[in-house]
Amino acid sequence: MIEIKNQKVIDWVNECASLTKPKEILWIDGSSEQLEALRKEACETGELIKLNEEKLPGCYYYRTDPKDVARDEKRTVIATERREDAGPTNNWVQKDEMYAKMRTLFDGSMKGRTMYVIPYSMGVVGSEFAKIGIEITDSIYVVLNMNIMTRIGDPVIEELNKGADFIKCLHSKAEVNAEKKYIAHFPEDDTIWSINSAYGGNVLLGKKCFALRIGSWLGRKEGWMAEHMLILCIEAPNGEKKYISAAFPSACGKTNLAMLIPPKHLQEKGYKVYTIGDDIAWRRVGADGRLYAVNRENGFFGVAPGTNSKSNNNALMTTKKNTIYTNVCRNLDDNTVWWEGLDQPAPTNGEDWLGRPWNGENAAEKGAHPNSRFTAPAENCPSIAPEFFTGEGVPISAIIFGGRRAKAEPLICQSRDWNHGVFLGSKMSSETTAAANGAVGVVRYDPMAMLPFCGYNMSDYFQHWIDMGKKMTNPPKIFNVNWFRKDDEGHFIWPGFGDNLRALLWALDRCDGKADAVETPLGYVPTKDSLDLEGLDLTDQQLDELLTVDRETWKKELEGIKEWYAKLGRLPKELTDSLERLENEL
Ligand code: GTP
Ligand code: SPV
Ligand code: MN
């Protein structure tokens, strides 16, 4: 391990230790010996279970407390000096008050435990756009997940020793008490404090907490953007590569789209799709006036249920080695894993996510939690792009917003221009999913899929989008999609998954001024024959339903958007102008 010489780091670590009072401190150097020793220790204490080494080499199983299975938005806090800076969509607590409240909880929270200090980099270490964090935690699960999701250890210490700045992330699982759980962000102090959770997004502080909530704050201050977006590359048969970035709310298809496998006839024509990121993109304007995006992460924390060889074979292949599975179902016969939607028979001798015997006979009882996850290294992904490894940005041609809406939103719709695209993003709504605690299937506004992740006032965030648009001479075109339209029997109309490439190709054609469209009050929607529908058995009526912007439906939607805007308060004029135009056209 390289000796840490950065005094600011040393002081802060000592401060955290005197607050949390661990029995010892272990610096994570990222060496395979150290990580292997931690895995062994976690297996001995029962925190982790080693899975079948032949079938799933290097894979482990982890189960959380039944009340600690998803992000917890009610207990996620933006703690600033002034309420106005957090805005009406975030839970705000005055920052000194929040520090005081949490200090009591952190006091002695690591007693009898080891405190792990994890230096990590969001982005390729030392690359132009990378930023460093240090996570202090009392959880081996966190250390092992951070090792997959970020770049950790000695190379990051070297950067810190050169004087690099860092985000201070303190986590303690404490008693994993749901009533005392807080995930608090202090963006004015580059600080994140999380306590009483041991689950994913609440505790892997590099991800949503740093790369999005603190990241969005920093981005506004420094003139770039942190977005809840996947990044993918589409290579045309002539070898030309184009890049798309898409924002969908949690559990609405980012990982799936990022790892898309083209339908057969497009494969035969020579189309290829590569994955650059599946959840978080940082973006800045390049010298050529285009928007460049980079993935901040080093792995995928993906939804397990629904992942199978047909829906997302790339994701399935990615999880076959060196992966941590959280809250899935375990097959005790061969010590492997299973989840709903996997195209393999359910185990007859299994254990559900709660650790109870499970054999799949009672369909009402799920084997895997709906938000059960895999943490898998990006390098395992068969479709990973070479651009992922350089950490340099890729120029974005199209930005795609999209939610989960059974009705109203068409399959795909192009905005008139950048500002109108920002409007489409600002009025995005989606049915809630199991990725966060609370009711599932309730439609709510989730602008740019950032409602739970924007670290500052949403109105300022919209203004930042408008301002960024002004900095670009060649901005991406903006689209809105909906893969989740349902018919009156409740079935998805659009086949989705690999077939989503058809909509993406229409979007890229539009960027080149090629494909045909019909202008609607919402923007441009494909004509029926401008979409590649080869091999699909969609009826004319289904196509109509997918592509129509129904005026009566949208008059109701309009009322909802007005209420949403009223809740936000002040808004950029560009957005209220777009709302007015929508109203007039309807
Ligand atoms: P987070 O990791 O929470 O940010 O989720 P995500 O946005 O990456 O979502 P993911 O790709 O994991 O998909 C979530 C769920 O949506 C899974 O159950 C998928 O099977 C399902 N899904 C993804 N894409 C499609 C699609 O095109 N059509 C349909 N019907 N379902 C989809
Ligand atoms: C999401 O909910 O958008 C996730 C999972 O990607 S978590 O890391 O838990 O936030
Ligand atoms: Mn996500």
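Residues numbered from 1 in each chain as written. Chains lettered and ligands numbered in written order. Predicted model: local features only at pLDDT ≥ 70, side-chain atom pairs only at ≥ 80, totals over all residues. Heavy atoms only, no water.

Undergrad: Just to check I follow, could you spell out the sheet that holds strand β22 (residues 357-358) for this structure?
TA: In any sheet, the strands associate via hydrogen bonds between backbone groups, in a parallel or an antiparallel arrangement. The antiparallel open sheet is built from four strands, whose spatial order is β20-β19-β21-β22. Each edge of the open sheet carries a strand with a single partner, namely β20 (336-338) and β22. Pairing of strand β19 (residues 329-331) with strand β21 (residues 350-351) involves two bridges; the strand directions are antiparallel. Note on β21: the bridge partner recorded for R330 is E351. (Pairing = 2+ DSSP bridges. Helix = DSSP H or I, 4+ residues; strand = E, 2+ residues; numbered from the N terminus.)

Undergrad: Sorry if this is basic, but what is going on with the coordination of the manganese ion (ligand 3) here?
TA: Every protein donor of the manganese ion (ligand 3) is listed here as K208 (NZ), H228 (NE2) and D279 (OD), and their distances to the metal cover 2.0 to 2.6 Å. Angles of 62 to 165° at the metal separate the six donor atoms of the manganese ion (ligand 3), which places the site in the irregular class. Spacing between the donor residues of the manganese ion (ligand 3) along the chain follows K-x19-H-x50-D. Of this pair, K208 sits in helix α8 (residues 206-222) while H228 sits in the loop between β11 (225-227) and β12 (230-235), and the two are 20 residues apart along the sequence. The residues K208 and H228 share a single accessibility class, namely buried. (Donors = N, O, S within 2.8 Å, 3.2 Å for Na, K, Ca; no water. Tetrahedral: all angles 85-135°; square planar, octahedral: opposite > 155°, others 65-115°. Buried < 20%, exposed > 50% of the residue type's maximum accessible area, 1.4 Å probe, protein only.)

Undergrad: Could you clarify how one ought to interpret unusual backbone geometry in this entry?
TA: As a rule of thumb, non-glycine residues mostly have phi less than zero, and peptide bonds are mostly trans rather than cis. If you check the backbone angles, A449 has positive phi at about 60° while not being a glycine. You can see A449 is positioned in the loop between β27 (443-445) and α14 (458-471). Given the relative accessible area of 0%, A449 is considered buried. A positive phi angle, close to 50°, is found at F497, a residue other than glycine. Within the secondary structure layout, F497 lies in the loop between β28 (477-481) and α15 (500-511).

Undergrad: Is there a simple way to explain the site of ligand 1 in this structure?
TA: Close contacts around ligand 1 come from 22 residues, with A251, K254, T255, N256 and R373 the closest. In this structure, G253 approaches ligand 1 through a main-chain N or O atom, which is 2.9 Å from an oxygen atom. One of the side-chain N or O atoms of R373 is found 2.7 Å from an oxygen atom in ligand 1. Contact with the protein chains covers 91% of the free accessible surface of ligand 1, which is 660 Å². Elements with a minimum of two residues in the shell around ligand 1: α9 (254-258) and β17 (299-303). Top contributing element to the shell around ligand 1 by residue count: α9, with three residues. Taken together, the residues of the shell around ligand 1 break down into ten nonpolar, eight polar and four charged. (Near = heavy atom within 4 Å. Polar contact = N/O pair within 3.5 Å; in protein donor to acceptor, adjacent residues only side chain to side chain. Areas by Shrake-Rupley, 256 points an atom, 1.4 Å probe, with all protein chains shown as cover. Nonpolar A, V, L, I, M, F, W, Y, C, P; charged D, E, K, R; others polar.)

Undergrad: Looking at this model, I keep getting lost on the domain arrangement of the chain. Mind explaining?
TA: Many analyses report the size of an interface as the accessible area lost when the parts associate. The domain architecture assigned to the chain consists of domain 1 (7-30 + 72-222) and domain 2 (227-296 + 390-585). Taking only C-alpha atoms into account, the centre of domain 1 sits 31 Å from that of domain 2. Contact residues are listed per partner, giving 32 residues for domain 1 and 29 residues for domain 2. Taking both partners together, domain 1 and domain 2 bury about 2,700 Å²; carbon and sulfur atoms supply 54% of that area. Where domain 1 packs against domain 2, one counts five salt bridges. Between D279 and K207 there is a salt bridge whose closest N-O contact spans 3.0 Å. Inspection of the domain 1/domain 2 interface yields 18 residue pairs in polar contact (both at pLDDT 80 or more). Only α3 (83-86) and α8 provide two or more residues apiece to the side of domain 1 that touches domain 2. The element that contributes the greatest number of residues to the side of domain 1 that touches domain 2 is α8, accounting for eleven residues. Partitioning the side of domain 1 that touches domain 2 into residue classes produces twelve nonpolar, eight polar and twelve charged. (Domains from an automatic or database assignment. Contact = heavy atoms within 4.5 Å. Buried area = accessible area lost by both parts, 1.4 Å probe. Salt bridge = Lys/Arg side-chain N within 4 Å of Asp/Glu carboxyl O.)

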